[in-house]
Amino acid sequence: MTLTVTVPRDHLREDVPVRLEVDGRPVLVVLVAGAVAAYEDRCRHRDTSLVDGLVRDCVVTCPGHFWRYDLRTGERVDASGE
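Model, not experiment: these values are computed from the prediction. (Residues numbered from 1 in each chain as written. Predicted model: local features only at pLDDT ≥ 70, side-chain atom pairs only at ≥ 80, totals over all residues. Heavy atoms only, no water.)

Draft legend 1. The pattern of salt bridges, seen in detail. Taken as a whole, this structure holds six salt bridges when the rule is applied. Glu40 is the partner of Arg42 in a salt bridge, and the nearest nitrogen-oxygen pair spans 3.1 Å. Its relative accessible area of 45% is what places Glu40 among the partly exposed residues. The closest approach of N and O atoms between Asp47 and Arg42, which form a salt bridge, is 2.6 Å. By relative accessible area, which is 28% here, Arg42 ends up partly exposed. (Salt bridge = Lys/Arg side-chain N within 4 Å of Asp/Glu carboxyl O. Buried < 20%, exposed > 50% of the residue type's maximum accessible area, 1.4 Å probe, protein only.)

Draft legend 2. Just the nonpolar core, in detail. Within the largest apolar cluster, 14 residues are counted, with the highest numbers of intra-cluster contacts made by Val30, Val32, Leu50, Tyr69 and Leu71. Considering every element that reaches this core, the biggest residue donor is strand 2 (residues 25-32), with three residues. Excluding anything up to four places from it in sequence, Leu50 contacts Leu28, Tyr39, Glu40, Asp41, Arg42, Cys43, Val60, Cys62, Pro63 and Tyr69. Within the second largest apolar cluster, five residues are counted, among which are Leu12, Val22, Val27 and Leu31. (Core = buried A, V, L, I, M, F, W, Y, C linked by side-chain atoms within 4.5 Å. Helix = DSSP H or I, 4+ residues; strand = E, 2+ residues; numbered from the N terminus. Contact = heavy atoms within 4.5 Å.)

Draft legend 3. Region of interest: the environment of Val77. Position of Val77 among the secondary structure elements: in the segment after strand 6 (68-70). Spatially, the C-alpha atom of Val77 lies 9.8 Å from that of Thr61, the residues being 16 residues apart in sequence. For Val77, the residues in contact, after removing those within four places along its chain, are Val59, Arg68, Tyr69 and Asp70.

Keep in mind these values describe shape, not function.
Below, the structure written as structure tokens:
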């Protein structure tokens, strides 16, 4: 399913995530490398919100258990066979 959400660009700062509710779902939105990225605001490990996680080099790190996700693809970048 594809959703379109409008966020004024001046509400976004480089590498600083914000959380939105879209159809009742939490979504992390962040400006990375000049492009807007959106990702489900939850870590797959324990459903921890990612909005307070560190964003660097298009990757968000979960503040709870440090799992890392590429904001361009949604894939975990530090997976060790999971």
